Amino acid sequence: MESTEAPQVAIIGAGISGLAAARALVDGGLQVTVFESRSRIGGRLRGERAGGSPTRLDLGATWYWPNEPRVNKLITQLGVATHPHHLAGDAIYHDPNGSRRVDGNPLDVPSGRFTDSAAALADAVCASLPDGTVRLDDPVATITINGDRVRVEHATGETLVDHVVLALAPALAVHRIEFNPRLPSDVERLGANTPVWMGAIAKVVVTYDEAFWRAAGLAGSAISHYGPLREIHDMSGPEGDPAAIFGFAPLSPGVDAPTTDAIEQQLAELFGTDAPSPTDIVIADWSTDPDTSPPDVRQHSAYQLFGHPHFETPAHGRIHWCSTETATVAPGHIEGALQAADRAATAILNTIAATTIERESS
């Protein structure tokens, strides 16, 4: 295998946390390579054009909120198109006795949406990086501490760096990557047991020719204690175009992602059998995505492990945690991913600066 010593930092994962960390490190004057096992960037910021939609609809992260400074700042800096989440209208409550209308919309709060899906944010960050920074279809298999260097073995070779950033869910990192020496036992155990945000969820996007629920005075939001989709929200674009709703189907051992027939049956119970038929139904089962979740992801529900103090300390001094699960602010949100990226990048820049000063003074 060919070896290179060019990059100073290797980042594992080209989701928004990895891309944001890369941007901060490049701005700090470091050489960075981002290794991504998928053939696309974005990680859980995933958008697809469904039902003939001219813009992408979110199969992963969807919202951001006014009180989240990092994501709002990034949107402004990069000029990413957004629009307010639709709030107007009544909600629906659904249980085995049927569905009923609820006055107002207690399910949604003022929030922002990405007009071309949250993947547009990842695209914009990636476009700000030097050409060749991100390497797709190049999964990392082994990370070895070798004195004051770290050897990263990946599909296309070996790379020697000063620091590594793990911009993937801790449980997936522990499952997929061999660490030499092994991670400290308490850290390894923590990583293996930390849930993957959206890892035990199937997200379902349903498109229509028009947002018919709005004409009926409905918000497009629903809570269900009966159907496969337990929580439903409007996902339409600005002014209701493209027209879409989305829902979350929680998964657990023995409970698989819903079928399109089950989804259509639930929607008929919610909106009435005379409601228009969907133009498309797209199901994203994040629990079966090997680049997001380990095989046992549905068994993990200890969300109190998010933002654990162990994630703030680099393993072996050179392996930095960087994913939304490790954030101490807004874990599970895009904001949390950006906070984790800030933490990892700042730690590396400070360490390298201190080492440089020490060398120059000796």
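Being a predicted model, the structure only gives us computed values, none of them experimental.

**A short note on the environment of D280**
At step 1: Relative to the helices and strands, D280 is located in strand β21 (residues 280-285).
At step 2: For D280, a relative accessible area of 28% translates into the label partly exposed.
At step 3: The spatial distance from the C-alpha of D280 to the C-alpha of Y208 is 7.2 Å, given a sequence separation of 72 residues.
At step 4: In this structure D280 touches A50, G51, V205, V206 and T207, once residues within four positions along its chain are discounted.

**Topic: the layout of surface pockets**
At step 1: When its volume is computed, the largest pocket comes out at roughly 860 Å³.
At step 2: If you go around the largest pocket, you meet 48 residues; those closest to its centre are R44, W197, M198, T324 and G332.
At step 3: Contributing elements (two or more residues each) for the lining of the largest pocket: α1 (16-27), α4 (170-176), β17 (201-208) and α8 (334-361).
At step 4: Considered class by class, the residues forming the lining of the largest pocket number 24 nonpolar, 15 polar and nine charged.

**Details of empty space enclosed by the protein**
At step 1: With the rule as written, the count across this model stands at one cavity of 30 Å³ or more.
At step 2: By volume, the largest cavity is sized at about 40 Å³.
At step 3: For the largest cavity, the full set of lining residues is T55, R56, L57, D58, R113, F114, T115, S117, G237 and P242.
At step 4: Counting residues per element, the ones that place at least two in the lining of the largest cavity are β5 (57-58) and β10 (112-114).

What counts as what
Residues numbered from 1 in each chain as written. Predicted model: local features only at pLDDT ≥ 70, side-chain atom pairs only at ≥ 80, totals over all residues. Heavy atoms only, no water. Helix = DSSP H or I, 4+ residues; strand = E, 2+ residues; numbered from the N terminus. Buried < 20%, exposed > 50% of the residue type's maximum accessible area, 1.4 Å probe, protein only. Contact = heavy atoms within 4.5 Å. 1 Å grid on protein atoms, 1.4 Å probe; cavity = no way out; pocket = protein on both sides within 12 Å on 5 of 7 lines; lining within 4 Å. Points joined across faces, edges and corners; volume = space filled by probe spheres on them. Nonpolar A, V, L, I, M, F, W, Y, C, P; charged D, E, K, R; others polar.

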